[in-house]
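# Coordinate analysis (summary)
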Amino acid sequence: MRTLYQILLTCAALIGVAACENETKLCDQTLRTDLHVHFSLLDTTKGIIRVRDTTMPKVTVYAISNGVNKDSIYRKQPLTDAFMPLAPTIDSSIFFLRVDSTLTPDTLTFRYKRTRHFISPGCGFGTFFFLDTVITTLHTIDSVLINSKAVTNSNDTHLTLFFLNH
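Scope of this entry: the structure provided in the associated data block. All figures in this text were calculated on a predicted structure; none of them were measured in a lab. (Residues numbered from 1 in each chain as written. Predicted model: local features only at pLDDT ≥ 70, side-chain atom pairs only at ≥ 80, totals over all residues. Heavy atoms only, no water.)

### Digging into the pattern of salt bridges
For side chains bearing opposite charge, pairing can occur when the charged atoms are close. Counted only if it meets this: Between Lys or Arg on one side and Asp or Glu on the other, a salt bridge is scored when a side-chain nitrogen of the former is within 4 Å of a carboxyl oxygen of the latter. A run of H or I in DSSP counts as a helix once it spans at least four residues, and a run of E counts as a strand once it spans at least two, with each numbered from the N terminus. Three labels apply to residues, based on accessible area from a 1.4 Å probe with only protein chains included: buried if under 20% of the type maximum, exposed if over 50%, partly exposed otherwise in between.
Tallied over the full model, the rule gives four salt bridges. Among the salt bridges present, the one from R52 reaches D43, with a minimum N-O distance of 3.9 Å. With a closest N to O distance of 3.1 Å, D132 and K113 form a salt bridge. Residue D132 is located in strand 8 (residues 124–136), and its partner K113 is located in strand 7 (residues 106–120); the two are separated by 19 residues in the primary sequence. By relative accessible area, which is 32% here, D132 ends up partly exposed. Residues joined by salt bridges that share partners form a network here, namely D43, R50 and R52.

Shown next, in the form of structure tokens:
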């Protein structure tokens, strides 16, 4: 009889461990929080300034590391929005941006503060970002609007880039 209780107790313990183990392996959330950039056109025809959403015809975006184009994020794609992954181990990220193959490219530099964020036992930690500064060349970009400095998900539009319609 004692052996039967030991077997039942061992089975119950194993079932309990197995039930808890599934919670720590399951991750149903993304760990990435990409910077969401929206493209808009400043139409200055007829002396009136109008802002229009636009699709850039051939967007190319590269991450730049130590002055070298490192990772291709987009390559000659028509886009209205771009999602740029910020570096989770340093406090700045630099990107090469060309919106049309015939136009001069721009460089975007983002400086930010990083905060680790616990998501769940199965997912672990993610990184949230808080934008301090956005520096850009002004070859094709006319101006920049920071819509949200807190980069905690990729659903919000964090930045709007304005381009002139010549």
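### Things to note about the pairing of strand 6 (residues 92–98)
Consecutive side chains along a regular strand alternate between the two faces of the sheet. The cut-off we apply is this: Here, strands pair whenever DSSP counts at least two bridges between them.
The sheet contact formed by strand 3 (residues 56–65) and strand 6 spans five bridges and is antiparallel. Among the inter-strand pairings, I64 is bridged to a residue of strand 6, identified as I94.

### Focus on the sheet that holds strand 3
Within a sheet, each strand pairs with its neighbour through backbone hydrogen bonds, oriented either parallel or antiparallel. Sheet architecture is open: six strands sit in the order 4-3-6-7-8-10, paired in antiparallel fashion. Edge positions in the sheet fall to strand 4 (68–79) and strand 10 (150–151), since each has one partner strand and no second.

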